[in-house]
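# Understanding the architecture of this molecule
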Amino acid sequence: MTCVKVKLLRQNRKAGVTLFAMNKITQTMRFRQAVIEYSNKHGVTKAAVRYHLNRQYIYRWRKRYDGTLQSLADRSHRPHSHPNQHTPEEIKLILNMRRRNPNAGIVVFWVKLRKRGYTRSISGLYRFLRKRGAMAVKLPNPKYTPKPYEQMQYPGQRVQIDVKFVPQACIVGQQEPTQWYQYTFLDEFSRFRYIEAFQEHSTYSSAVFLRHVVKKFPFAIECVQTDNGTEFTNRLLPKGSDKPTLFETELQRLGIRHKLIRPYTPRHNGKVERSHRKDNEEFYASHRFYSFQDFKAQLAVRERAYNNFPIRPLAWRSPKQVLFAFHNAVSYTHLRAHETLRHL
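The rules behind these values
Residues numbered from 1 in each chain as written. Predicted model: local features only at pLDDT ≥ 70, side-chain atom pairs only at ≥ 80, totals over all residues. Heavy atoms only, no water. pLDDT = per-residue confidence, 0-100. Contact = heavy atoms within 4.5 Å. Salt bridge = Lys/Arg side-chain N within 4 Å of Asp/Glu carboxyl O. Helix = DSSP H or I, 4+ residues; strand = E, 2+ residues; numbered from the N terminus. Buried < 20%, exposed > 50% of the residue type's maximum accessible area, 1.4 Å probe, protein only. Arc of directions from axis to C-beta. Core = buried A, V, L, I, M, F, W, Y, C linked by side-chain atoms within 4.5 Å. Patch = residues over 30% accessible without salt bridge, like charges linked within 9 Å, V, L, I, M, F, W, Y side chains within 5 Å. Areas by Shrake-Rupley, 256 points an atom, 1.4 Å probe, with all protein chains shown as cover. Lys, Arg positive; Asp, Glu negative; His and termini not counted. Charge placed at Lys NZ, Arg CZ, Asp CG, Glu CD.

### A short note on the confidence of the model for the protein
Residue-level pLDDT values for the protein average 88, and 88% of them are 70 or greater. Low pLDDT, under 50, characterises residues 1-22; the predicted model gives this stretch 18 contacts beyond four residues in sequence or across chains.

### Some remarks on the pattern of salt bridges
One pass over the full model with this rule turns up 13 salt bridges. Between R158 and E188 there is a salt bridge; the shortest N-O distance is 2.9 Å. One end of the pair, R158, is in the loop between α7 (122-132) and β3 (159-165); the other, E188, is in the loop between β4 (181-187) and β5 (193-198), and 30 residues separate them in sequence. The class for R158 is buried, based on a relative accessible area of 8%.

### Things to note about α7
Every α-helix winds through 3.6 residues per turn, so residues three or four apart in the chain are directed the same way. Every buried residue of α7 is listed here: G124, L125, F128 and L129. Looking straight down α7, one finds that the buried residues subtend no more than 135° of arc, so they occupy a single side. Across α7 from its buried face, at more than 90 degrees, point the exposed residues R127 and K131. In the core, the buried residues of α7 are packed alongside α5 (88-100) and α6 (106-114). Phi turns positive one or two residues past the end of α7, at G133, with a value near 65°.

### Section: the nonpolar core
In terms of nonpolar packing, the biggest core is built from 22 residues, with I161, F185, F209, F217, I221, V224 and F247 touching the most fellow members. Where this core is concerned, the elements lending two or more residues are β3, β4, β5, α8 (203-216) and α9 (246-254). When sequence neighbours within four positions are dropped, the list of residues in contact with F247 reads I161, T203, S206, A207, L210, V224, T226, E231, F232 and H258.

### Here we look at a positive patch on the surface
The grouping of R99, R100, K115 and R116 at the surface amounts to a positive patch. Relative to the assigned elements, R99 resides in helix α5. Residue R99 is classed as exposed on the basis of its relative accessible area, which comes to 59%.

Shown next as structure tokens:
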């Protein structure tokens, strides 16, 4: 007897049920064929006596038999009608409503039908729609298309500054709980970074970091972009706090424009945020700091490694290479910038 694996209904598949069914040519079909062939040779009465069957059974299968085993297979025992089946009026209502609401889910569709006199249960409606192939057509979700970043044309045109909290798991050997911070400067044109360790997260630290950035970066900075943290601005504080922070005062003194991103939208500062993610994966996940001086030393190594590593947005060049290439394309007036780059 041959068995084959057959496809199951959805509810059986969900339950993880694996069933095996007889092949199309079953023993029952072969038995009926043998009965018919014997009755054709010896008569129906002798066939009924030999196989312990009634004559009506043999006549019924002889009438259905056309010479193939498939004609001896059992037909569906499913009833053609049911006393509780949907009436023609209900079917018309459902199909008309589905034509007007092709995307309505089962619950919304059922509620709309009930408002028009439909009295069946939601499970009964679901079975009817499945049988008729009239389930809701799900529309694809509209994809978010981010606005592309403005491409910078030269170093210093716009830079991003942000603060990263050092994970507590990386700070070991301290007698009291402490928190250290990584201030990050990133030039949007070259992806060049300058990072520095601080023990304080405040507008004073931000102003000190800005002075160090201006001294370190070999090109003039036109615009600094930050988020709306209190270490940079008082913009989101309650009314009456319009006084500029030390960071904003330092920007004004240096003649640098300050651009604030939309509140609670860190993706607008995406380049520096992405660099912080790489720091988590490549630096903080595998390093431990036993003192603040140790943290500063390891952070300096991390900065040099980042600025000398080729990345895809720069056509597989390193940030330092991009700065050198830009310098070589400009006039001799940028000699000071070149001399500064040698010491990076």
